[in-house]
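# Structural features, examined
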Amino acid sequence: MILRTYNLYGPYEVFSGHSHIHVIPAITRKALLGSGPIEVLGDGSQTRPFTFVEDGVEAVIRAIAIASSGKTIPLALIHGPQVSIKEVVEQIIKEAKSNVKVVWKKGSHIGVASRKLPPHDGRLLRGWKPKVFITKGIQKTVGWAKANPDRLQMADLDNRPAGKALA
């Protein structure tokens, strides 16, 4: 059985201390620490399907139950709805109550503008569908990061503009 998750994010993710962190923890860290401006490649119109970690775990649990019953699924796509990078950045800054400035690096190479995917395969996973959408997911993620500031202060920070390695 193969599960393909897209852009999982949430509490306990790597917020620093690694040379490559994902867009949501990278922007959350910069917004909470006030280390700005935050540079983002593109104009923010690029979209990605983000999936909150609790939804991803629920999909895995369902897949294990299906596999345990002897059934197989060749490939199941696990993802939330498409969300613009601008919406993600604005929501993080709002939740962080940050005054950090955002610099949109329009004209920069942003990779694909959108990763439009077929609908998720919830039907294959006994009705799985995402329950935590971006607003609530970012609220939970930023809340966790605020409660765990030591996770924001590690060495070897990824200071590239957001979007350089957008998942």
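Here's what I pulled together on the structure shown here. (Residues numbered from 1 in each chain as written. Predicted model: local features only at pLDDT ≥ 70, side-chain atom pairs only at ≥ 80, totals over all residues. Heavy atoms only, no water.)

### Looking at the environment of Gly56
Note the cut-off: Each helix is a run of DSSP H or I of at least 4 residues and each strand a run of E of at least 2, with the numbering of both proceeding from the N terminus. Per-residue accessibility, obtained with a 1.4 Å probe over protein chains only, is compared with the maximum for each type, and a residue is labelled buried under 20%, exposed over 50%, and partly exposed between these values. We call two residues contacting when some pair of their heavy atoms lies within 4.5 Å.
The residue Gly56 is located in helix α2 (residues 53-68) in this model. Of the residues examined, Gly56 reaches a relative accessible area of 6% and is grouped as buried. Along the backbone, Gly56 and Thr5 are 51 residues apart, and their C-alpha atoms lie at a distance of 7.0 Å. The residues contacting Gly56, other than those within four sequence positions of it, are Leu8, Thr51 and Ile78.

### Side note on the packing of aromatic side chains
In plain terms, the rule: Each aromatic pair joins two rings of Phe, Tyr and Trp (for Trp, the six-membered one) with centres within 6.5 Å, and gets the label stacked for planes under 30 degrees apart, edge-to-face for over 60, and tilted for any other angle. Sitting over a ring, as applied to charges here, requires NZ of Lys or CZ of Arg to be within 6 Å of the ring centre and within 35 degrees of the ring normal.
Going through the model one piece at a time under the given rule, you end up with three aromatic pairs. With centroids separated by 6.2 Å and ring planes inclined at 85 degrees, the aromatic side chains of Tyr9 and Phe50 adopt a geometry described as edge-to-face. With Tyr9 in strand β2 (residues 8-9) and Phe50 in the loop between β4 (47-49) and β5 (51-52), this residue pair connects regions lying 41 residues apart in the sequence. Owing to a relative accessible area of 7%, Phe50 belongs among the buried residues under this scheme. With a centroid separation of 4.9 Å and an interplanar angle of 45 degrees, the aromatic rings of Tyr12 and Trp144 are classed as tilted. Here Tyr12, found in the loop between β2 and α1 (23-33), pairs with Trp144, found in helix α4 (residues 134-147); they are 132 residues apart in sequence, far enough to count as distant. One aromatic cluster in this structure is built from Tyr9, Phe50 and Phe52. For Arg4, the ring lying beneath its charged end belongs to Tyr6, and the centroid distance is 4.0 Å.

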